[in-house]
Amino acid sequence: MIRSFRALLIRDLKLAARVGGSGMMGLIFFLTIVTLMPFALGPDLNLLSRIGPAILWIAALLATLIGLDRLFQADQEDGSLDLLRLAPVPMEVVVLAKVAAHWLVTGLPLAIAAPFLGLLVALTPDAMLAMVVTLLVGTPALTFIGAIGAALTASLRRGGLILAILVLPFMIPTLIFGVSAANAALGGTVPFATPFLILVALSLIAAVVGTVGAAAALRSGES
Amino acid sequence: MRLDVQNLACDRGERRIFNAVSFALAPGDALVVTGRNGAGKSSLLDILAGRLEPASGTVRLSRSGDRSLPECLHYIGHRDALKAALTTEENLTFARDFLGDPALPAHAALEAVGLAHAAALPVGYLSAGQRRRIALARLLVAHRPLWLLDEPTSALDAASQDMLFGLMERHRADGGIIVATTHAPLALKDAKEIRIERAPVPSSLAGEGS
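Residues numbered from 1 in each chain as written. Chains lettered and ligands numbered in written order. Predicted model: local features only at pLDDT ≥ 70, side-chain atom pairs only at ≥ 80, totals over all residues. Heavy atoms only, no water.

Undergrad: Would you mind going over the pattern of salt bridges in detail, with residue names and values included?
TA: Summed over the entire model, instances satisfying the criterion amount to 21 salt bridges over all chains. A:K98 is paired through a salt bridge with A:D75; the nearest N and O atoms lie 2.6 Å apart. One end of the pair, A:K98, is in helix α6 (residues 91–105); the other, A:D75, is in helix α4 (residues 70–77), with 23 residues separating them in the sequence. In this structure, the salt-bridge partner of B:R51 is B:D46, at a minimum N-O distance of 2.9 Å. On the basis of relative accessible area, B:D46 is assigned to the buried category, the value being 15%. Three or more residues are tied together by salt bridges with common partners; here these are A:R11, A:D12, A:D75, A:D78, A:K98 and B:K83. (Salt bridge = Lys/Arg side-chain N within 4 Å of Asp/Glu carboxyl O. Helix = DSSP H or I, 4+ residues; strand = E, 2+ residues; numbered from the N terminus. Buried < 20%, exposed > 50% of the residue type's maximum accessible area, 1.4 Å probe, protein only.)

Undergrad: So what's going on with the packing of aromatic side chains? Which residues, and what values?
TA: Overall, the coordinates contain 2 aromatic pairs over all chains when judged by the stated rule. Ring centres of A:F192 and A:F196 lie 4.9 Å apart, and the angle between their planes is 25 degrees; on these two criteria the pair is classed as stacked. Owing to a relative accessible area of 29%, A:F192 belongs among the partly exposed residues under this scheme. With a centroid separation of 5.2 Å and 25 degrees between ring planes, the pair formed by B:F94 and B:F98 is classed as stacked. Here the residue B:F94 and the residue B:F98 both occupy positions in helix α2 (residues 88–99), the gap between them amounting to 4 residues, near one helical turn. Sitting over the ring of B:F94, A:R11 keeps its end group 4.8 Å from the ring centre. Above the face of the B:Y75 ring, B:R51 is positioned so that its terminal group lies 4.4 Å from the ring centre. (Phe/Tyr/Trp six-rings, centres within 6.5 Å; stacked < 30°, edge-to-face > 60°. Lys NZ or Arg CZ within 6 Å of the ring centre and 35° of its normal.)

Undergrad: Residues and numbers for the interface of chain B and chain A, please.
TA: Tallying the contact residues gives 25 residues for chain B and 26 residues for chain A. Around 2400 Å² of area is buried between chain B and chain A when both sides are counted, 61% of it from carbon and sulfur atoms. Connecting chain B to chain A are 7 salt bridges. Where A:D82 meets B:R51, a salt bridge forms, and the shortest distance between an N and an O atom there is 3.8 Å. When residues of the side of chain B that touches chain A are traced back to their parent elements, those giving at least two are β5 (73–76) and α2 of chain B. Per element, the largest residue contribution to the side of chain B that touches chain A is 5 residues, and it comes from α2(B). Per-class residue counts for the side of chain B that touches chain A are 12 nonpolar, 3 polar and 10 charged. (Contact = heavy atoms within 4.5 Å. Buried area = accessible area lost by both parts, 1.4 Å probe. Nonpolar A, V, L, I, M, F, W, Y, C, P; charged D, E, K, R; others polar.)

Undergrad: Mind laying out empty space enclosed by the protein, listing which residues take part and the relevant values?
TA: The method is simple in principle: a probe with the dimensions of a water molecule rolls over the atoms, and the space it marks as empty is what remains. A full pass over the atoms with the stated rule returns 2 cavities of 30 Å³ or more. Looking at the largest cavity, its volume works out to about 50 Å³. Looking at the largest cavity, the residues that line it are A:G79, A:D82, A:L83, A:L86, B:Y75, B:I76, B:G77, B:R79, B:A81 and B:R138. Of all elements in the fold, only α5 (80–84) of chain A together with β5 of chain B reach the threshold of two or more residues within the lining of the largest cavity. Tallied by class, the residues present in the lining of the largest cavity amount to 5 nonpolar, 2 polar and 3 charged. If you add up the space inside the second largest cavity, you get close to 40 Å³. In terms of lining residues, the second largest cavity is bounded by A:R11, A:S80, A:L83, B:A81, B:K83, B:N91, B:F94 and B:R138. Looking at the lining of the second largest cavity, its residues break down into 3 nonpolar, 2 polar and 3 charged. (1 Å grid on protein atoms, 1.4 Å probe; cavity = no way out; pocket = protein on both sides within 12 Å on 5 of 7 lines; lining within 4 Å. Points joined across faces, edges and corners; volume = space filled by probe spheres on them.)

Undergrad: Tell me what's going on with the pairing of β5(B), and back it up with residues and numbers.
TA: Residue and element names in this part refer to chain B. With burial as the criterion, each face of β5 is covered, one bearing L73 and Y75 and the other bearing H74 and I76. Two strands pair when backbone bridges link them, and β5 and strand β6 (residues 146–150) are joined in this way by 4 bridges, in the parallel orientation. Looking at β6, one finds that H74 is bridged to W147. (Pairing = 2+ DSSP bridges.)

These values are about where atoms sit, not about what they do.
Written as structure tokens, this is what we have:
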């Protein structure tokens, strides 16, 4: 089981590195959105640093969607999905390996890049640290929720747009608690741990529901 | 292992494609499935691969230990299931590690299909026939008793077809089972043959489908 999981994880990481990868695109998209914000809002540093965590979270959420539509679609198109179905492991393990690889090349770079982009929206060092921690914990939830949509739209030609419409509503709780945890770290009446622990819980729930849901969607999409 | 198929029927989109297909395969057997375009040859393989639910009938696997049907088979379909960005060797190494029960290492399998020189080339650079040979090399990197081959000779030149028949005969000699769909005659020794016919459709307006 570990062998199959590792083989698939390594294959997907290699593919991401090889074709230019969706990770790089997501990161550049993230940068673009965050850069646009000061242009739209004007150079009011107080305003920017107050809404900075929200900007970064929305940008991260949209950047996560980039490339998510290809998560299973690429395998569906070239027949690899048929090969993955012959695995000596349950479909859930296949989904888990693919989602883990996808998060490593999209979610993780977003979290790591957050401090640098935080400079653009005048975040304090404390806020940058809070952004890294909340994105690190919160982006897996986004990827797992997105995996269900990606599995459902795997066989659709223009699945990307439908995918976004399908999964964005389900990402709202993650967004709410991600932003409120980042804001709580900067002060306020709510202690940091309260929204942060809910964010952790959301990620854990999404990991279970996303894995099982995406595997079920892939199985039912067989015929 | 043994494969018993009883009275299989298949529906695609509310239409009966074929019915009353029965056969039994023991180690060393080969079954050649023929039929018109759209008769349901690929659908039969999909059912055997456990990917499509039959409308009626049963597929029974016996003496396979505790392994389920998908874990006992190789499936080579129309799409080669290769990643264009990875090299041929990486593709095969992935299949070997992923499918479990490893047999030949990737470079030996490439040698067997005559593509050892292409080991470090990305699959995207290869021709359709070469890609098909890489897909066939996957049969050799993991040991699986049942081979399901959907038109295995398509895109292959005469020499590669001979190579394929050699692989198939060796697999049968080792106690494997082969089910292959084909249009061209396959030079397999005493293979069973089954012809899939479209189930009679009451209306004469019924068109071609797949």
